[in-house]
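# Notes for the structure review
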Amino acid sequence: MNVKKFLKDNWHLLVSGTLAVVAYRSYVDSRPRRVVALGTSLTVPSWSYIRRIRELLPKGSYAKNYGHGGKGVWIIQRSTDTALKQKPNVVILETLVNDVASKKTTKHMQAWNNKMLTKAKAAGAKTVFLVLVPLKKSWWATGRNAMAKWAMSNPLIDEVVIPSALFNANGTYKKEYDSGDHVHLNGRGQRKLGEILRSYV
């Protein structure tokens, strides 16, 4: 952004600091975005949350999911370079559920996620880590909670998103967002997730 040009074009707003901030945020929010996502089958169906994000982004934006259904982070990370060729402003990672379900160690999940995050940051992208692990099995909470704690203290991650609006108090999906298998979101759930994530991109 050319800050000098922005200030010159909007000098009259500087009489109010509040108005200046509002004007600046509006200017930034109107710029096209380039968003890529890497995830599991929770977020890569034909009606994915990324489609909803694309609908909500300014004209000229790009948003695409490069994830792999049914795969763990070791497979998902193989698409990192392909996704980064799109020169994204934002990279969204949702990589946990299959590794948590198959009892992969937190060390395994952390190492492969860090490889992806390191590449994303080197490419100049903002990183958003999505913690989306419905508790179909009660023991899934152990892996989910450990990875959420790790993400919140990871300097490679700019934003950690735990979409609590999708869940009941016990960690299961709310009925209106559940596809019926208690693991995947339905179309309404995907749209809701897209609306939640829009504010982070």
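Before reading further, recall that the structure is shown in the block above.
The following paragraphs examine the structure supplied in this document. Within each chain, residue numbers correspond to sequence positions counted from 1 in written order. Given that the model is predicted, a residue must reach a pLDDT of at least 70 before its local features are reported, and side-chain atom pairs must reach 80 or more before they are shown or counted; all residues, however, enter totals for whole chains, interfaces and linings. Only heavy atoms go into the side-chain values, all of them from the structure, while hydrogens and water stay out.

### What about the nonpolar core?
Generally speaking, a soluble globular protein has its nonpolar side chains buried in company with each other. The test is simple: Only buried residues count toward a nonpolar core. Its members are Ala, Val, Leu, Ile, Met, Phe, Trp, Tyr and Cys residues joined through side-chain atoms within 4.5 Å. Between buried and exposed lies partly exposed: a residue is buried under 20% and exposed over 50% of the maximum accessible area for its type, with that area taken using a 1.4 Å probe on protein chains only. The secondary structure listing takes helices from DSSP runs of H or I that are at least 4 residues long and strands from runs of E that are at least 2 residues long, numbered from the N terminus. Note on contacts: a residue pair qualifies if any of its non-hydrogen atoms lie within 4.5 Å across the two residues.
With 53 residues, the main nonpolar core has I92 and L132 as its most contacted residues. With six residues, the top contributor of residues to this core is helix α8 (residues 140-152). Ignoring any residue separated from it by four or fewer positions in sequence, one finds I92 in contact with V35, V36, A37, L38, Y49, I53, V128, L130 and V201.

### Side note on the pairing of strand β4 (residues 126-130)
Definition in use: DSSP bridges decide pairing: two strands pair if at least two such bridges lie between them. We call a crossover right-handed when, viewed with both strands directed away from the observer, the connection leading from the first strand over the helix to the second proceeds clockwise.
Of all five residues in β4, four are buried; the element is thus mostly enclosed. Looking at chain direction, strand β3 (residues 90-94) and β4 are connected through four bridges and run parallel. Bridge pairing in β4 links V90 to K126. What joins β4 to strand β5 (residues 159-161) is α8, and the crossover it makes is right-handed.

### Here we look at the pattern of salt bridges
Inclusion rule: Whenever Lys or Arg places a side-chain nitrogen within 4 Å of a carboxyl oxygen from Asp or Glu, that contact is recorded as a salt bridge.
Under the criterion given, the structure shown has five salt bridges. A salt bridge links R52 to E55; the shortest N-O distance between them is 3.0 Å. Here the residue R52 and the residue E55 both occupy positions in helix α3 (residues 49-56), the gap between them amounting to three residues, near one helical turn. As a salt-bridge pair, E195 and R52 come within 3.1 Å of each other at their nearest N and O atoms.

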